[in-house]
Amino acid sequence: MTSRSDDFTLKFGSSAYQRNPPVEQAQQNQADSPYVGNGGAHPIVFGEMARLIESIDWSPSPLGPSAQWPQSLKTALNICLHSRFQLAIYWGPELVFLYNDAEREVIGSLHPYALGKPAREVLVDMWETVGPMLHKVLKSGEATWSVDQPLMFDRYGLVEEAFFTWSYSPIPDDDGNIGGVLLVTQETTQRVLAERRLREAAERERKLRAEADSQRALLETVLNQMPAGVVIAKAPSGEVLLANNQAEQILQRSVGELRSVEEYSQYQIFRLDGRAYSTREQPLARSILRGEVVMGEELRYLRPDGTFRVLFTNSAPVRDETGAIVASVVTFQDITDLRLAQEELLRQSNNVIHDLAGKLITAQEEERRRIARDLHDDVAQRIALLSSQMHNLQESLPTGIAAAEELSDIQEEIEQTSESIRLISHQLHSSTLILGLPRALEGYCHEFSQQRRIKVEFTQKGSMVRLPEPVPLVMFRVLQEALYNVARHSGAAQVEVSLLTEEDEVRLRVKDRGKGFDPAQISDGLGLVSMRERLRLVDGKIKISSAPGLGTEIEAAVPVRPSHSSATIPA
């Protein structure tokens, strides 16, 4: 902020002060005291600045001996030195700088050099901004007010941008003229920069959301070009995430509004022998609820107009890395015309019927192969390209923001959908079943230990009852987030994970032996917000205990039978 040599010293009489020297209280006649009160009989002793100002011989300075200072200056200085707010005084035509203890935080290493100096010599880097303001107050007597004003400021040997809210107010002298200026300061650098970062983060999130919406639109375009109807539903709720145009054309009714498996009952589906499907026996429901892969199942569907259509159906679950079902996809083709043709041909003579039947069977097999080829060569390739583009976009994102997590979920769904279509195309069958919450947690702990090189000990206490959906998924996501935070922040080499069943409550505890933190000093991050929101959906609660050097413990508790048992959460 100033241009001066390192060995520059500020001298008043016999006292010399380096840039940051220890301050010693010097002997001074009470008559020369700048403080007010019975002729200096009661000097102020509040803070270092009071002692420092009193110890200086002000005779050589522009202010002259302190005993001769105007009463108005002494009064203002007394108020300034007694205040815990950041206050300073610029006095006289040269605007000599006087300040209190709190103001030292603002000027940094310029203390004590700045004390008693003209403002022009102290405020070098910002003089073009504040100089005219100070002189205007001296001239007009009108106070100024500046909010979050940016200033280039050298207070620690490096010019930096800082933000301040301050006011310049006139101080009258003993004759009623303007003798000086009172500075009331509040540094707002941290708040302004934090708000700037929030705005920038919000703009990045907006752009990412727009990009994610664009990618989703591209996925919908790909699905709408498929010759078969396609419906993708979330597990375990059955809520429809995507349905292409062909699906609604074939079914002759809206599909995207479905929010649960129970709502599938509005679709009347029958086996070829006339027996009705129950809601949970429909192909998509079987994949969601039981993980079943349905291949080439033909069924009769009753349209709202009362006509039947024969559908060739395939369905498969979409699983995450732990094997848990997070979604399911069903494809179906209207083969009614083929069946009608077959029935018509069956009424022909036996020889003709057998001949045409053979041709129909060949046509059917070709149709099935064509569907599989279309799925593999066209749709799978498009989804693979889309997955690659989404992956590149995800790799460019910073971690820890809501849009990145949402984009990651979409990427996962795309990859899993691609895998499901590949399974249908190649008629592969997966018999993996959901193993239950304890096995899932234990398996993830083992996988985490191998990937992160952090020892995780898993224990289970109490008899595990059957948990209502989506409680197991909530607890599993809490464990994932908690272990992720351990790996990212704690520096721990060991983690203890326990699952406890106590009366009507299930508790998950994750305790690390890392560096810990002060919860009062840390605001809720996105990870903690995510855990709280997931638990809230199942009437659960979370408790965090931590202290610097003592590690961190997270405890999530969920009622065995939450009141909102039908709640669904993002997978």
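Quick note: structure is the one above.
These figures come from a predicted structure and were not determined experimentally.

Novice: How should I be thinking about the nonpolar core in this particular structure?
Specialist: The nonpolar side chains of soluble globular proteins are, as a tendency, buried together. Core analysis: the largest hydrophobic core is formed by 46 residues, its most contacted members being Ile89, Tyr90, Leu115, Leu123, Leu134 and Tyr168. Ranked by the residues each element gives to this core, the list is headed by helix H5 (residues 127-140), at 6 residues. Ranked by size, the runner-up nonpolar core spans 34 residues in total, among them Ile454, Val474, Val486 and Val538.

Novice: Could you clarify how one ought to interpret the packing of aromatic side chains in this entry?
Specialist: For any pair of aromatic rings, the description consists of the separation of the ring centres together with the inter-plane angle of the planes. According to the stated counting rule, one finds 6 aromatic pairs in the structure shown. Here the aromatic rings of Phe97 and Tyr99 are separated by 4.9 Å at their centres, their planes lie at 35 degrees, and the arrangement is tilted. Phe97 sits in the buried class, given a relative accessible area of 1%. According to the relative accessible area criterion, Tyr99 is buried, its value standing at 0%. Taking 5.9 Å as the distance between ring centres and 55 degrees as the angle between the ring planes, the aromatic pair formed by Trp166 and Tyr168 counts as tilted. Residue Trp166 shares its accessibility class with Tyr168, and that shared class is buried. Aromatic ring contacts, followed pair by pair, group Tyr90, Phe97, Tyr99, Trp166 and Tyr168 into a single cluster. Sitting above the plane of the Tyr267 ring, Arg253 keeps its charged end 4.9 Å from the centroid. Just above the ring of Phe308 sits the side chain of Arg300; from NZ or CZ to the centre is 4.2 Å.

Novice: I keep staring at the sheet that holds strand S15 (residues 494-502) and nothing clicks. Help me out?
Specialist: Sheets are built from strands paired through backbone hydrogen bonds, the pairs being either parallel or antiparallel. Pairing is mixed across the open sheet formed by 5 strands, whose spatial order is S14-S15-S16-S18-S17. Both edges of this open sheet fall to strand S14 (455-461) and strand S17 (541-546), since each of them pairs with a single strand only. Sheet twist, expressed as the mean angle between neighbouring strand axes with direction ignored, is 10 degrees. Bridge count for S15 against strand S16 (residues 505-512) is 8 bridges, and the pairing is antiparallel. Of the residues in S16, the one forming a bridge with Val495 is Asp512. With respect to the sheet, helix H13 (residues 471-490) is in contact with S15, S16 and strand S18 (552-559), its orientation differing from that of S16 by roughly 10 degrees.

Novice: Which parts of the structure should I look at to understand unusual backbone geometry?
Specialist: Peptide bonds are trans in most cases, and residues, glycine excluded, mostly fall at negative phi. The linkage connecting His111 with the following residue, Pro112, adopts the cis geometry, with an omega of 0 degrees. By the secondary structure assignment, Pro112 is in the loop between helix H3 (104-107) and helix H4 (119-122). With a phi angle near 55 degrees, Leu95 is a residue other than glycine that sits in the positive phi range. Positionally, Leu95 belongs in the loop between strand S3 (86-91) and strand S4 (96-99). In this structure, Gln252 is a non-glycine residue whose phi angle is positive, near 60 degrees. Checked against the element boundaries, Gln252 lands in the loop between helix H7 (245-251) and strand S10 (268-270).

Novice: Looking at this structure, I do not really get the pairing of strand S6 (residues 159-172). What am I missing?
Specialist: It is a general feature of regular strands that their side chains alternate between the two faces of the sheet. In this structure, S6 lies alongside strand S7 (residues 178-187), joined through 9 bridges in antiparallel fashion. By the bridge assignment for S7, Thr165 is matched with Gln186. Linking S6 to S7, which pair antiparallel, is a turn of 5 residues; within it Gly176 sits at a positive phi near 90 degrees.

Novice: Quick question: what am I supposed to make of the side chain of Glu297 here?
Specialist: By the element assignment, Glu297 lies in strand S11 (residues 294-302). Not counting residues up to four positions away in its chain, the partners in contact with Glu297 are Tyr277, Pro283, Arg286, Leu311, Phe312 and Thr313.

Novice: Explanation requested: the pairing of S18 in the structure shown.
Specialist: Judged by how many residues are buried, S18 sits mostly within the fold: 6 of 8 residues are covered. Across 6 bridges, S17 lies against S18 in antiparallel orientation. By the bridge assignment for S18, Ser546 is matched with Thr552. If you look at the hairpin formed by S17 and S18, you'll find 5 residues sitting between the two strands, and Gly549 has a positive phi there, around 85 degrees.

Novice: Would you take a moment to explain H13 for this structure?
Specialist: If you check H13, its first and last C-alpha atoms are 27 Å apart, about what 20 residues at 1.5 Å a residue would give, namely 28 Å. By the criterion of burial, H13 is predominantly enclosed, with 14 of the 20 residues buried. Once H13 finishes, Gly491 follows within two positions and takes phi at roughly 70 degrees, a positive value.

Novice: Looking at this model, I keep getting lost on the sheet that holds strand S12 (residues 308-319). Mind explaining?
Specialist: Overall, antiparallel pairing links the 6 strands, which are arranged S9-S8-S13-S12-S11-S10 in an open sheet. Edge positions in the open sheet fall to strand S9 (240-243) and S10, since each of these has one partner strand only. Strand-to-strand twist of the sheet, defined as the mean angle between neighbouring strand axes without regard to direction, takes the value 30 degrees. In this sheet, S9 lies alongside strand S8 (residues 229-234) in antiparallel orientation, the contact comprising 3 bridges. Considered in S9, the bridge of Ile232 is made with Leu242. In the packing of helix H9 (residues 336-346) onto the sheet, the strands contacted are S11, S12 and strand S13 (325-334), and the crossing angle to S12 comes to about 135 degrees.

Novice: So what exactly am I meant to see when it comes to the pattern of salt bridges here?
Specialist: Opposite charge on two side chains allows them to pair when their charged atoms are near. Counted under the stated rule, the structure contains 25 salt bridges. For Arg280, the salt bridge is made with Glu262, and the minimal N-O distance between the two is 3.3 Å. Of this pair, Arg280 sits in the loop between S10 and helix H8 (283-290) while Glu262 is found in the loop between H7 and S10, placing the two residues 18 residues apart along the sequence. A residue is classified by how much of its surface remains accessible, and Arg280, at 46% relative accessible area, is partly exposed.

Scoring rules and cut-offs
- Residues numbered from 1 in each chain as written.
- Predicted model: local features only at pLDDT ≥ 70, side-chain atom pairs only at ≥ 80, totals over all residues.
- Heavy atoms only, no water.
- Core = buried A, V, L, I, M, F, W, Y, C linked by side-chain atoms within 4.5 Å.
- Buried < 20%, exposed > 50% of the residue type's maximum accessible area, 1.4 Å probe, protein only.
- Helix = DSSP H or I, 4+ residues; strand = E, 2+ residues; numbered from the N terminus.
- Phe/Tyr/Trp six-rings, centres within 6.5 Å; stacked < 30°, edge-to-face > 60°.
- Lys NZ or Arg CZ within 6 Å of the ring centre and 35° of its normal.
- Pairing = 2+ DSSP bridges.
- Axes fitted to C-alpha atoms, helices over the stretch in contact; angles between N-to-C directions.
- Contact = heavy atoms within 4.5 Å.
- Expected span 1.5 Å × (residues − 1).
- Salt bridge = Lys/Arg side-chain N within 4 Å of Asp/Glu carboxyl O.

These figures capture arrangement, not role.
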